Amino acid sequence: MKVTVVGAGAVGASCAEYIAIKDFAAEVVLLDIKEGYAEGKAMDLMQTASLNGFDTKITGSTSDYSKTANSDIAVITSGIPRKPGMTREELIGINAGIVKDVSGNLLKHSPNAIIIVVSNPMDTMTYLVHKATGLPKNKIIGMGGALDSARFKYRLAEALGAPISDVDGMVIGGHSDTGMVPLIAHATRNSIKVSEFLSEEKMQWVVEETKVGGATLTKLLGTSAWYAPGAAVSGLVQAIACDQKKMFPCSTFLEGEYDLNDICIGVPVILGKNGIEEIVEIELTDAEKAKMQESAEGVKKTNGLLDV
Ligand SMILES: NC(=O)c1ccc[n+]([C@@H]2O[C@H](COP(=O)([O-])OP(=O)(O)OC[C@H]3O[C@@H](n4cnc5c(N)ncnc54)[C@H](O)[C@@H]3O)[C@@H](O)[C@H]2O)c1
């Protein structure tokens, strides 16, 4: 199993680290345009191998895609992150060109790769890869919902005063401050609906804090977060590499599911060796359906800025 991660910045390096620590891949190639940067990150990470007990080989490359040849999975994290006060949508001007270029280069050397898109605005970048590459839709996966769900669970545990292992919940919809749809009516503590434990007001607080989870961290850090994003990507990579058939909310191209068409947006999917093996259509409440439609309108508006 060979995995390429394009962009050896904060998220790319964190993602490579978590993949290595989980020790399921033979090789991870980090690639960046900054001279020597990916090589440096790869060497630093390799020097943690004996300390963290993994055998995954991590190598770095400055813009040489021949080193990524025959990758099974490729992760795109290249591009600029947001600064405090920015929305993810504002990154489109720079990141669209980068993501289009990178996906073309990756596929020249790894025509069979499954692509995971991380760069923001992620749903629109996933749609761009879909339009630009012509890859089958099961092979293009946008990562956002796995991270947003982890942030949802963090806030749920906080509100409940419970350990995170006791809570479960999912966020679907667009990966944006306004577009996320945390499924609070479906969230549970040890299989019991959280509405049994939390007031309406507290549940609303969880939902709002989840939606601005990324913005809260960007304000604190001065740039966007990387540990949870890296861990979330590594979870998707592992589910594919190990054919786990695990369910995650991922951005995927929809053709009628959830009454949506010609859009990539977060919905529950099953991930296995073929990438997205199934789109799971769950019964949403009327309020959730309305929020999903509103979220899709926002994503489509951003997609409209693309030159595809
Ligand atoms: N989908 C999500 O849930 C999620 C979460 C966090 C961050 N992000 C996004 O991921 C992206 C990366 O964030 P980061 O914090 O790692 O940024 P970063 O600036 O730390 O790293 C980005 C890296 O991309 C490299 N790069 C730029 N153009 C390139 C190209 N053409 N080819 C190869 N490498 C190139 C840069 O040199 C840099 O090292 C941003 O767009 C950010 O908004 C998405």
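Residues numbered from 1 in each chain as written. Predicted model: local features only at pLDDT ≥ 70, side-chain atom pairs only at ≥ 80, totals over all residues. Heavy atoms only, no water.

### Concerning the overall build of the protein chain
In terms of regular secondary structure, the protein chain is built from 10 helices and 14 strands. Scaling as 2.2 N^0.38, a compact globule of 308 residues should have a C-alpha radius of gyration of about 19 Å, and the protein chain matches this with 18 Å. Considered along the principal axes of its C-alpha atoms, the protein chain spans approximately 55 × 45 × 35 Å. Per-residue burial for the protein chain yields a buried fraction of 53% across its 308 residues. The long-range fraction of contacts in the protein chain, counting pairs at least 24 apart against all pairs at least 6 apart in sequence, stands at 70%. Summing over all exposed atoms, the protein chain offers an accessible surface of approximately 13,300 Å²; the carbon and sulfur share of this is 52%. Averaged over its 29 positive side-chain charges, the protein chain has a centre that lies 3 Å from the centre of its 38 negative ones. (Helix = DSSP H or I, 4+ residues; strand = E, 2+ residues; numbered from the N terminus. Rg over C-alpha atoms; globule rule 2.2 N^0.38 Å. Buried < 20%, exposed > 50% of the residue type's maximum accessible area, 1.4 Å probe, protein only. Contact = heavy atoms within 4.5 Å. Areas by Shrake-Rupley, 256 points an atom, 1.4 Å probe, with all protein chains shown as cover. Lys, Arg positive; Asp, Glu negative; His and termini not counted. Charge placed at Lys NZ, Arg CZ, Asp CG, Glu CD.)

### A look at the packing of aromatic side chains
Going through the model one piece at a time under the given rule, you end up with two aromatic pairs. Consider the rings of tryptophan 226 and tyrosine 227, whose centres lie 5.6 Å apart with planes at 50°: the pair is tilted. Judged by relative accessible area, which is 25%, tryptophan 226 ranks as partly exposed. Overall, the relative accessible area of 53% leaves tyrosine 227 in the exposed class. Over the face of the ring belonging to phenylalanine 197 we find arginine 189, whose NZ or CZ atom lies 5.9 Å from the ring centre. When the ring centre of tryptophan 205 is taken as origin, the NZ or CZ atom of lysine 202, which lies over that ring, is 4.7 Å away. (Phe/Tyr/Trp six-rings, centres within 6.5 Å; stacked < 30°, edge-to-face > 60°. Lys NZ or Arg CZ within 6 Å of the ring centre and 35° of its normal.)

### Side note on the site of the ligand
Among the 29 residues in the neighbourhood of the ligand, the closest are listed as Val11, Asp32, Ile80, Asn120 and Met143. Note that an oxygen atom of the ligand is positioned 2.6 Å from one of the side-chain N or O atoms of aspartate 32. Asparagine 120 is positioned such that a nitrogen or oxygen atom in its side chain is 2.9 Å from an oxygen atom of the ligand. Burial of the ligand by the surrounding chains reaches 88%, relative to a free accessible area of 860 Å². Contributions of two or more residues to the shell around the ligand are made by helix H1 (10-22) and helix H4 (92-109). The element best represented in the shell around the ligand is H4, accounting for three residues. Here the residues of the shell around the ligand sort into 16 nonpolar, 11 polar and two charged. (Near = heavy atom within 4 Å. Polar contact = N/O pair within 3.5 Å; in protein donor to acceptor, adjacent residues only side chain to side chain. Nonpolar A, V, L, I, M, F, W, Y, C, P; charged D, E, K, R; others polar.)

### Things to note about the packing of helix H5 (residues 122-133) against helix H10 (residues 286-303)
Taken N-terminus to C-terminus, the directions of H5 and H10 make an angle of 60°; their axes are 9 Å apart at the nearest point. One element, H5, and the other, H10, form an angle in the oblique class. Between H5 and H10 lies a crossing whose hand is right-handed. Contacts between H5 and H10 involve Asp123, Thr124 and Tyr127 on the former and, on the latter, Val299, Thr302 and Asn303. In terms of residue class, the contact of H5 with H10 is made up of two nonpolar, three polar and one charged. (Axes fitted to C-alpha atoms, helices over the stretch in contact; angles between N-to-C directions. Parallel < 35°, antiparallel > 145°, perpendicular 65-115°, else oblique. Left-handed = near helix turned anticlockwise from the far one by under 90°.)

### With respect to the sheet that holds strand S10 (residues 188-189)
The strand order across the open sheet formed by three strands is S7-S10-S11, and the pairing between neighbours is antiparallel. Looking at strand neighbours, the two that pair on one side only are strand S7 (167-168) and strand S11 (192-193), the edges of this open sheet. Pairing between S10 and S11: two bridges, direction antiparallel. Of the residues in S11, the one forming a bridge with arginine 189 is isoleucine 192. (Pairing = 2+ DSSP bridges.)

### Some points on the pattern of salt bridges
A complete count under the given rule lists 14 salt bridges for this structure. Between glutamate 277 and lysine 245 there is a salt bridge whose closest N-O contact spans 2.6 Å. Taken as a pair, glutamate 277 in strand S14 (residues 275-279) and lysine 245 in the loop between helix H9 (227-241) and strand S12 (246-255) lie far apart in primary sequence, 32 residues in all. Residue lysine 245 is classed as partly exposed on the basis of its relative accessible area, which comes to 41%. Three or more residues are tied together by salt bridges with common partners; here these are Asp243, Lys245, Lys273 and Glu277. (Salt bridge = Lys/Arg side-chain N within 4 Å of Asp/Glu carboxyl O.)

### Points about the nonpolar core
Ranked by internal contacts, the top residues of the largest apolar core, which has 53 residues, are Ile116 and Leu271. At six residues, the largest contribution of residues to this core is made by H9. With sequence-adjacent residues up to four places away left out, isoleucine 116 is seen in contact with Ile73, Ala74, Val75, Ile76, Ile141, Met143, Leu236, Val237 and Ile240. With 22 residues, the next largest nonpolar core counts Met125, Tyr127, Phe253 and Cys264 among its residues. (Core = buried A, V, L, I, M, F, W, Y, C linked by side-chain atoms within 4.5 Å.)

### Considering helix H6 (residues 145-160)
Over its 16 residues, H6 runs 22 Å from end to end, which matches the ideal 22 Å to within 8%, given 1.5 Å per residue. Among the residues of H6, those classed as buried are Gly145, Ala146, Leu147, Asp148, Ser149, Arg151, Phe152, Arg155, Leu156, Ala157, Ala159 and Leu160. After H6 finishes, the residue glycine 161 shows a positive phi value of roughly 65°. (Expected span 1.5 Å × (residues − 1).)

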